[in-house]
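Summary of the model geometry
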Amino acid sequence: MILLAPLQGYTDFIFRNIYTKYYSGIDVAVSPFIPMMQQSKGSLIVAKDVLPANNSVMPVIPQVLGNNPDLFISVAKI
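The text that follows walks through the structure, step by step, so that each part is easy to find.

Right, let's get into the sheet that holds strand 3 (residues 60-65). The parallel open sheet is built from three strands, whose spatial order is 1-2-3. Strands with a single pairing partner mark the edges of an open sheet, and in this sheet they are strand 1 (3-4) and strand 3. Bridge analysis of strand 2 (residues 28-35) against strand 3 gives five bridges, and the strand direction is parallel. Within the sheet, the bridge partner assigned to A29 lies in strand 3 and is V60. The strands that helix 1 (residues 13-22) touches are strand 1, strand 2 and strand 3; relative to strand 2, the one it contacts most, it runs at about 170 degrees.

Structure, rendered in structure tokens:
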């Protein structure tokens, strides 16, 4: 299995979708870290990057970064 490694600020869903259009051989992508912030607009924008609707050509493994279990659950629900 070959994974597409994350690069913060570059490997968003637009990059992943265009990449798979021109190159093959990647099985799964790993998202850049999703920070656990207090439900701010920034966390919603970052979470949008891993939504299945935006990643129909390649499965994505999200990475959540933080140390608060309650915030982790709320980010995971998004």
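Mapped onto the fold, F15 is located in helix 1. What makes F15 partly exposed here is its relative accessible area of 33%. When neighbours within four sequence positions are excluded, F15 is seen to be in contact with L4 and Y10.

On to the environment of Y19. Residue position: Y19 is located in helix 1. Looking at Y19, the relative accessible area reads 22%, which means it is partly exposed. For the pair Y19 and V57, spaced 38 residues apart in sequence, the C-alpha separation works out to 9.9 Å.

It is worth spelling out the side chain of S31 at this point. Its place among the elements puts S31 in strand 2. Its relative accessible area of 0% is what places S31 among the buried residues. Ignoring any residue separated from it by four or fewer positions in sequence, one finds S31 in contact with P6, R16, D49, V50, V60, I61, P62 and Q63.

A surface patch of nonpolar side chains, amounting to about 480 Å² of accessible area, comprises I14, I18, Y22 and Y23. Its location among the elements puts Y23 in the loop between helix 1 and strand 2. Judged by relative accessible area, Y23 falls into the exposed class, the value being 52%.

Turning next to the pattern of salt bridges. A complete count under the given rule lists one salt bridge for this structure. With a shortest N-O distance of 3.3 Å, D49 and R16 are connected by a salt bridge. Of the two residues, D49 is situated in the loop between helix 2 (41-48) and strand 3 and R16 in helix 1; the sequence distance between them amounts to 33 residues. Neither residue differs from the other here; D49 and R16 are each classed as buried.

Criteria and thresholds
Residues numbered from 1 in each chain as written. Predicted model: local features only at pLDDT ≥ 70, side-chain atom pairs only at ≥ 80, totals over all residues. Heavy atoms only, no water. Pairing = 2+ DSSP bridges. Helix = DSSP H or I, 4+ residues; strand = E, 2+ residues; numbered from the N terminus. Contact = heavy atoms within 4.5 Å. Axes fitted to C-alpha atoms, helices over the stretch in contact; angles between N-to-C directions. Buried < 20%, exposed > 50% of the residue type's maximum accessible area, 1.4 Å probe, protein only. Patch = residues over 30% accessible without salt bridge, like charges linked within 9 Å, V, L, I, M, F, W, Y side chains within 5 Å. Areas by Shrake-Rupley, 256 points an atom, 1.4 Å probe, with all protein chains shown as cover. Salt bridge = Lys/Arg side-chain N within 4 Å of Asp/Glu carboxyl O.

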